[in-house]
Amino acid sequence: MRLLSIGYPWNITIPEPKAHWLANTYHVLLTWIHSGVHPHFQWAASSLYHRCVRNNLRCRNASNEMMTNSPLKARLYFLCFVRTRPLIKFTEYHSQELNALESGLLSEIYVSIDQIKEVKRCMLHLNSKTELTQAMEAYNQAAVFKLLAMLAQVAFRKA
């Protein structure tokens, strides 16, 4: 069995491992049953950290970059790809654990949800560009990085 193959001009290719058809069944069932939120708090916080919040930050930055060239495309991109539903489901499923924490993670999650909803409201009401940029500045990277840091402390505490 050959794992590496070196071709001309010295391109190294590694074949992809074959995935079993039942490999992701557990995660698919969790997504369907629990709306994408894992019932275990640590795993839910780590998946929220990796999937939802980082994706929202990436989409926010991409939307900001597109705002100068094509404002309509930037608005549609933000409206379609920045999601608050996983954050809301996380707070609903794990409210007891979040209330027991000493940190202000629950309040930071709600601040982030409110900021995203404010930006979406400005976009849907077709507000002027200055009002939209003010709303986008309110949903800034510092607040998102603070939320990411708090989620990282909770999610990776045992690691």
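Scroll up to find the structure.
Quick caveat, the model's predicted, so the values are computed rather than measured. Within every chain, residues take consecutive numbers counted from 1 along the sequence as written. Totals for whole chains, interfaces and linings use every residue, but because this is a predicted model, local features are given only for residues with pLDDT of at least 70 and side-chain atom pairs only at 80 or more, for both listing and counting. The side-chain numbers reported here are obtained from all heavy atoms of the structure, hydrogens and water having been left aside.

Student: Could you clarify how one ought to interpret the overall build of the protein in this entry?
Tutor: The helix and strand labels rest on DSSP assignments: H or I over at least four residues marks a helix, E over at least two residues marks a strand, and numbering proceeds from the N terminus. For the protein, the count of helices and strands is 8 helices and 2 strands. What you see in the protein, going N to C, is helices and strands ordered as β-β-α-α-α-α-α-α-α-α. In the protein, which comprises 159 residues, the proportion classed as buried is 36%. All accessible-area figures derive from a Shrake-Rupley calculation using a 1.4 Å probe, and residue coverage is judged against the displayed protein chains alone. For the protein, the exposed area adds up to about 10700 Å²; of that, 59% sits on carbon and sulfur atoms. Buried means the residue's accessible area, taken with a 1.4 Å probe over protein chains only, is under 20% of the maximum for its type, while exposed means over 50%, and partly exposed covers the values in between.

Student: I tried to follow helix 2 (residues 41-66) on my own but got confused; where do I start?
Tutor: Think of an α-helix as 3.6 residues a turn; residues three or four steps apart then line up on the same face. The end-to-end C-alpha distance of helix 2, which contains 26 residues, comes to 36 Å, matching closely the 38 Å that a straight helix rising 1.5 Å per residue would cover. We define the bend at each residue as the angle formed by axes fitted to the 7 residues ending at it and the 7 residues starting at it. The largest bend in helix 2 is about 40 degrees, located at leucine 48. Helix span, as expected, comes to 1.5 Å for every residue beyond the first.

Student: Before we go on, may I ask you to explain the pattern of salt bridges in this structure?
Tutor: Opposite charge on two side chains allows them to pair when their charged atoms are near. We define a salt bridge as a side-chain nitrogen of Lys or Arg found within 4 Å of a carboxyl oxygen belonging to Asp or Glu. Applying the stated criterion across every chain, the model contains 2 salt bridges. Across the pair glutamate 92 and lysine 89 runs a salt bridge whose closest N-O atoms are separated by 3.8 Å. With glutamate 92 and lysine 89 both in helix 4 (residues 85-93) and 3 residues apart, this pair spans about one turn of that helix. We classify glutamate 92 as partly exposed; its relative accessible area is 46%. Overall, the relative accessible area of 15% leaves lysine 89 in the buried class.

Student: I tried to follow helix 6 (residues 105-124) on my own but got confused; where do I start?
Tutor: Taking 1.5 Å per residue as the helical rise, helix 6 with its 20 residues ought to reach 28 Å, and the 29 Å between its terminal C-alpha atoms agrees with that figure. Directly after helix 6, the chain includes leucine 126, whose backbone phi takes a positive value near 55 degrees.

Student: So what exactly am I meant to see when it comes to the packing of helix 2 against helix 4 here?
Tutor: The geometry of a pair of packed helices is captured by two quantities: the angle between their axes and the separation between those axes. Axis definition: a line fit to C-alpha positions, over the contact stretch in the case of helices; interaxial angles, taken between N-to-C directions, run 0 to 180 degrees. The geometry of helix 2 relative to helix 4 is characterised by a closest axis approach of 10 Å and an angle of 160 degrees between their N-to-C directions. The orientation of helix 2 with respect to helix 4, classified from their angle, is roughly antiparallel. Regarding helix 2 and helix 4, the two cross each other, and that crossing is left-handed. Judged by residue contacts, Phe41, Ala44, Ala45, Leu48, Cys52, Val53 and Asn56 of helix 2 engage Pro86, Leu87 and Phe90 from helix 4. Charged means Asp, Glu, Lys or Arg here, nonpolar means Ala, Val, Leu, Ile, Met, Phe, Trp, Tyr, Cys or Pro, and polar covers whatever is left, Gly included. Residue composition of the contact of helix 2 with helix 4, by class: 9 nonpolar, 1 polar and no charged. To sort the angles, those under 35 degrees are grouped as roughly parallel, those over 145 as roughly antiparallel, those from 65 to 115 as roughly perpendicular, and the leftovers as oblique. Note: crossing handedness is left-handed where the near helix turns anticlockwise from the far helix by less than a right angle, and right-handed where it turns clockwise. The contact definition used throughout considers only heavy atoms, calling two residues in contact when any of these lie within 4.5 Å.

Student: What is the right way to read the side chain of arginine 60 from this model?
Tutor: For arginine 60, the location among the structural elements is in helix 2. Look at arginine 60 and you get buried, because its relative accessible area is 8%. Not counting residues within four places of it along the chain, the set of residues in contact with arginine 60 comprises Phe78, Val82, Met136, Tyr139, Asn140 and Gln141.

Student: Sorry if this is basic, but what is going on with the layout of surface pockets here?
Tutor: Any space left empty among the atoms is revealed by the rolling of a water-sized probe across them. Cavity means a closed set of points on a 1 Å grid over the protein atoms alone, one where a 1.4 Å probe fits but cannot get out, pocket means an open set with protein on both sides within 12 Å along at least 5 of 7 lines, and lining means a residue has an atom within 4 Å of a point. Grid points are joined across faces, edges and corners, and a volume is the space filled by probe spheres set on the points. Considered as a void within the structure, the largest pocket measures approximately 280 Å³ in volume. Surrounding the largest pocket, 17 residues form its lining, Gly36, Arg51, Cys52, Arg83 and Pro86 being those nearest its centre. Elements represented by at least two residues in the lining of the largest pocket include exactly helix 2 and helix 4. Looking at the lining of the largest pocket, the element that brings in the most residues is helix 2, giving 7 residues. Residues belonging to the lining of the largest pocket are distributed by class as follows: 7 nonpolar, 6 polar and 4 charged.

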